[in-house]
Amino acid sequence: MSAVWSYLVAIAVWPGLLFAAPLGWLELWFMRKLVARLQGRQGPPFFQPFFDVMKLLGKETVIPKGVNRGIFLALPLVSLAAVTAALAIVPLPGNPVPSLPGDIVLLLYLMEVPVLCEVLAGYVSRSIYGQVAAMREAILSLAYNLPFLVAIIAMAQVAGSFQMRALQEVPYGPVHLLAALTFLLALPARMKLNPFSIANAEHEIIADSHIEYSGPPLALFKLSHAIEVVLLTELFAVVFIPATPWPPVNLVVYLVAGILVLGGVTLLATATARLRLTQAFRFYWIWGGIASAITMAATLVR
Amino acid sequence: MAMLKTILGNLLRPSRTRAPADMPVVPPTYRGALGHDASRCTACGTCAFVCAPKAIHFTQDPGVSVSWHFFIGQCSFCGLCEQNCPTQAIHLRSAVPGSMNSAGGDGLRLESLIHLQPCTRCGAAHVPLPAATMDALWAAGAEEVERGYCPECRRWAASARLRNAFLPEGATPAAEGGRHDR
Amino acid sequence: MNLIERVIAISRRRSPWICRLNAGSCNGCDIEITPLLSPRYDAEQLGIELHGTPKHADIVLISGTLTLRSRQAILDIYDQVPSPKAVVALGSCPSSGNVFAGSPLVLSESLDNVVPVDVWVPGCPPRPQAILDGIARAAQLLEDGSTKSQIQGQRQNLGGRLS
């Protein structure tokens, strides 16, 4: 199999679009169901995220007046493409893509693209609420990226290489634990869940930064969010869960770990109320900063 | 922590959600759908008079019937009509009126037809009294003939009875045939 | 109807997103919408989500007396909802004006004269289960393609092809 084919398969089939989309819908359904059950409600039916996306695909697209059509329509596509490409790099068992030196840098860059798209989507839409959401998203990304990046970079420091496969082969140690905690600290804000759901405050600023999106572009944003959830949970599992020599067992362990992480994050989201932007920013720069410093120190002490 | 305890408690208990087919029952005193009993209605018009949003009105088909019209889309379910109805022909039932697809037309409008009856004495079309009222007025059936009278003839019959009571024993009663003006 | 169209039609019934529009209501009907999100009624079991923006909505819930000022706002917001869309009128006020009819600042006419209404939910205010039933009915209409705006759109398409 040539390299081009392996990339195509990785992006389109496994672990890309064809498998990640249903997995993302499953995880989104799990989160929504868990929130509902924690609130004593029945919750959505199993196929709900799928129905949401299919319905949006069948709807009309309303483009606001005075908006640049090209950018407006390209943003969801770019967001989806970046997330899928990022997922294709993650060395899940059976991923056909060869590991490149420095693919962590590429991964971290691709993971920033959807955030960038959200910010741009807010500003492009010319809606005042969308602009507020975009501003919040931009500022928040400056905050949560500190622990998030440090968690990955610390692991790269331990491995001595910016390569995903090298990261997996690092012998398990205390740095894993510290870095995992730091990663988990950043996870709720990355997933835009409750204490840090500041950018998508649904009743405060009406909706998130895709307030002016409708129909298929909105469906692509929803799909991109679903795959981003898969990406974040599987990245956590791949980097911080020790691998066994058997790939199928690894896969099951990774999926279960992803669901467990989501369950914990959802529990936190249900139990807390939304913070203000300044509070979240301060939280991430003080506590996230302390956690990052400890993690980096642990890599040096070892 | 108290919040965590609450939500974990929710997770362990079954959900409190009711399925759409199994919705909570409405309290019996709930003022829901309006019902009109044409056999009790005397078409006095009190309900139309007390209705604040003017949801009730009457139309006439002279000599044949009187119609009671009710537009649900204008009702505020205050219950004044039920309170003020002298013959208890209007009842606010606790059933919740269902949603409907048709516009301000058929589904939202109720019509109840009250048939007029000819007076057994003078032949004038009139709204008959409710059966319960008639039973209370003429329980023994002594003056059964008065049951079919129009209000004017009832008045005439009552005054004739009064006049006859003053007459001495053996005198001839008042002549039958004094017609009321129309 | 091919498979994808069928799936999309079913999705329209299974995921009706609603947007609430207060056209001058006393807030009674709006208060009765909030229990739909509570554990007892849980609109999410039918896939219903409450969205703030009309751009994300499939079904617009319009409550309240139509006032002279809200007429234009209703038209604007209705135009922003991407088709296919349905309108549910809550309570007595949209159909007639209720007790406010005849006031100088109130349009004493049916909402049907402003936007095509698909489902009327009577009540003052309607009970939550009646609202839930009304939304489910509108979602069914969306699946069947028989909301007024869908029928109108089909007619326009046909007219365009014929002429």
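Everything that follows concerns the structure shown earlier in this document.
Figured I'd write up the structure that's included with this text. Quick caveat: nothing in here was measured; it's all calculated off a predicted structure. (Residues numbered from 1 in each chain as written. Chains lettered and ligands numbered in written order. Predicted model: local features only at pLDDT ≥ 70, side-chain atom pairs only at ≥ 80, totals over all residues. Heavy atoms only, no water.)

## Focus: the sheet that holds strand S5 (residues 119-121) of chain C
Residue and element names in this part refer to chain C.
Then, in step 1: Taken in spatial order, the five strands line up as S2-S1-S3-S4-S5 in an open sheet, and their pairing is parallel. The sheet is open, and its two borders are formed by strand S2 (49-50) and S5, each paired with just one other strand.
Then, in step 2: The pairing of strand S4 (residues 86-90) with S5 spans three bridges and is classified as parallel. Residue pairing for S5: Ala 89 is matched across the bridge by Trp 120. (Pairing = 2+ DSSP bridges. Helix = DSSP H or I, 4+ residues; strand = E, 2+ residues; numbered from the N terminus.)

## Structural notes on empty space enclosed by the protein
Residues and elements named next belong to chain B.
Then, in step 1: Scanning the model with the defined rule gives three cavities of 30 Å³ or more in all.
Then, in step 2: Considering only enclosed or pocket space, the largest cavity measures out at about 80 Å³ in volume.
Then, in step 3: Taken together, 13 residues form the lining of the largest cavity, with Cys 51, Ile 56, Cys 75, Cys 78 and Cys 81 sitting closest to its centre.
Then, in step 4: If you add up the space inside the second largest cavity, you get close to 70 Å³.
Then, in step 5: If you go around the second largest cavity, you meet 14 residues; those closest to its centre are Cys 41, Cys 44, Cys 47, Cys 85 and Ala 89.
Then, in step 6: The residue makeup of the lining of the second largest cavity, split by class, is nine nonpolar, five polar and no charged. (1 Å grid on protein atoms, 1.4 Å probe; cavity = no way out; pocket = protein on both sides within 12 Å on 5 of 7 lines; lining within 4 Å. Points joined across faces, edges and corners; volume = space filled by probe spheres on them. Nonpolar A, V, L, I, M, F, W, Y, C, P; charged D, E, K, R; others polar.)

## So, the pairing of strand S3 (residues 59-63) of chain C
All names here are of chain C.
Then, in step 1: Burial within S3 is extensive, with five of its five residues counted as buried.
Then, in step 2: Every second residue of S3 is oriented toward a common face, with Ile 59, Leu 61 and Ser 63 on one face and Val 60 and Ile 62 on the other, all of them buried.
Then, in step 3: Two strands pair when backbone bridges link them, and strand S1 (residues 17-22) and S3 are joined in this way by five bridges, in the parallel orientation. Bridging across to S3, Ile 18 finds its partner in Ile 59.
Then, in step 4: The sheet contact formed by S3 and S4 spans five bridges and is parallel. Each bridged residue has a counterpart across the sheet, and for Ser 63 the counterpart in S4 is Leu 90.
Then, in step 5: Handedness of the crossover is the feature at issue here: the chain leaves S3, passes through helix H3 (residues 70-80), returns alongside S4, and the resulting connection is right-handed. (Buried < 20%, exposed > 50% of the residue type's maximum accessible area, 1.4 Å probe, protein only. Right-handed = clockwise from strand over helix to strand, strands pointing away.)

## Notes on the interface of chain A and chain B
One widely used convention gives an interface's size as the accessible area the parts lose upon coming together.
Then, in step 1: Taken residue by residue, the interface counts 10 residues in chain A and 11 residues in chain B.
Then, in step 2: Here chain A packs against chain B, burying approximately 890 Å² in sum over the two surfaces, 61% of which is carbon and sulfur.
Then, in step 3: Viewed at the interface, chain B and chain A are joined by zero salt bridges.
Then, in step 4: Summed over the shared surface of chain A and chain B, the number is five residue pairs in polar contact (both at pLDDT 80 or more).
Then, in step 5: Residue assignment for the side of chain A that touches chain B shows that the elements contributing at least two residues are helix H2 (17-38) and helix H10 (247-271) of chain A.
Then, in step 6: Taken together, the residues that form the side of chain A that touches chain B break down as four nonpolar, four polar and two charged. (Contact = heavy atoms within 4.5 Å. Buried area = accessible area lost by both parts, 1.4 Å probe. Salt bridge = Lys/Arg side-chain N within 4 Å of Asp/Glu carboxyl O. Polar contact = N/O pair within 3.5 Å; in protein donor to acceptor, adjacent residues only side chain to side chain.)

## A word on the sheet that holds strand S2 (residues 56-61) of chain B
To summarise the sheet geometry, strands pair through backbone hydrogen bonds and adopt either a parallel or an antiparallel arrangement.
Residues and elements named next belong to chain B.
Then, in step 1: Here we have three strands laid out as an open sheet, ordered S2-S3-S5, and antiparallel in their pairing. Each edge of the open sheet is held by one strand with a lone partner, namely S2 and strand S5 (109-115). Between one strand and the next, the sheet's axes are offset by a mean angle of 20 degrees, whatever the strand orientation.
Then, in step 2: In this sheet, strand S3 (residues 65-71) lies alongside S2 in antiparallel orientation, the contact comprising six bridges. Its bridge partner lying in S3, Gln 60 is registered against Val 66. (Axes fitted to C-alpha atoms, helices over the stretch in contact; angles between N-to-C directions.)

## A word on the pattern of salt bridges
Then, in step 1: Counted under the stated rule, the structure contains 20 salt bridges over all chains.
Then, in step 2: Two residues, Arg155(B) and Glu152(B), come together in a salt bridge whose shortest N-O distance is 3.3 Å. Taken together, the residues Arg155(B) and Glu152(B), both in helix H5 (residues 151-166) and three residues apart, mark about one turn of the helix.
Then, in step 3: On the accessibility criterion, Arg155(B) (54% relative accessible area) is exposed.
Then, in step 4: The salt bridge partner of Glu143(C) is Arg6(C), with a shortest N-O separation of 3.3 Å.

## Brief notes about the side chain of Ser96(C)
Then, in step 1: Mapping Ser96(C) onto the fold places it in helix H4 (residues 93-96).
Then, in step 2: The contact partners of Ser96(C), leaving out residues within four places of it in the chain, are Phe71(B), Gly73(B), Gln74(B), Ala101(C), Ser108(C) and Glu109(C).

## Section: the interface of chain B and chain C
Then, in step 1: The interface of chain B with chain C comprises 29 residues on the first partner and 30 residues on the second.
Then, in step 2: At the boundary of chain B with chain C, total buried surface from both sides reaches about 2300 Å², with 56% on carbon and sulfur atoms.
Then, in step 3: When residues of chain B are sorted by the area they lose upon contact with chain C, Met23(B), Ser99(B) and Asn101(B) head the list and together hold 24% of the total.
Then, in step 4: Across the chain B-chain C interface, the total number found is zero salt bridges.
Then, in step 5: Partitioning the side of chain B that touches chain C into residue classes produces 18 nonpolar, nine polar and two charged.

In short, shape yes, function no, at least from these values alone.
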